[in-house]
Amino acid sequence: MDYAKQIHILDNAIATLNAEMTERYEGERIKSRGEALKKTAILALTDAGCSQMVITAINNVSFSYAGGWLPGGNFMTSDIRNESFVIAYRQSVGAIIKILEQERSRLEKEQQDEIQQKSLLWAKIAAFGSIASIIVSIMLYLCKN
């Protein structure tokens, strides 16, 4: 698969996750939606042929919030707790987006390196052709005289 297709796959996944940043979910719906987004990202990375290390990084993103007690010993109200879940959800989605963007940047760099290598090869071929042309011209000149 060429780099353009790989980058396009990651762009689609990034766009999907960016759209999810504006959605508001409640309670357990946050965790289930987060897990679905992780699967979306992992599928995109797998389709793009990315390394297992990147997929593991996505798998390690958590969509749970480990809060509970406020300073002073009062247990969080459900509104505060839910808002904490929303913040944690957005941070987790943001982490997945950042991982996808880093992988996209890596693919772009590899694409540019490949283009440079091909350009260098063609430059070498052109230089060799020029040198051969000069040698043939000199030989023809010397043969005439």
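Residues numbered from 1 in each chain as written. Predicted model: local features only at pLDDT ≥ 70, side-chain atom pairs only at ≥ 80, totals over all residues. Heavy atoms only, no water.

Enquirer: Please provide a residue-by-residue account of the pattern of salt bridges, values included.
Expert: Side chains that carry opposite charge are capable of pairing whenever their charged atoms lie near each other. Throughout the structure, instances matching the rule amount to 8 salt bridges. Put simply, K38 and E35 hold a salt bridge, and the shortest N to O gap is 3.6 Å. Remark: E35 and K38 occur in helix 2 (residues 27-47); sequence separation between them is 3 residues, near one turn of the helix. Residue D113 pairs with K109 through a salt bridge whose shortest N-O separation is 3.2 Å. Highlighted residues: D113 and K109, both in helix 4 (residues 78-144), separated by 4 residues, approximately one helical turn. On the accessibility criterion, D113 (32% relative accessible area) is partly exposed. Several salt bridges converge on common partners, so that one network encompasses D11, R104 and E108. (Salt bridge = Lys/Arg side-chain N within 4 Å of Asp/Glu carboxyl O. Helix = DSSP H or I, 4+ residues; strand = E, 2+ residues; numbered from the N terminus. Buried < 20%, exposed > 50% of the residue type's maximum accessible area, 1.4 Å probe, protein only.)

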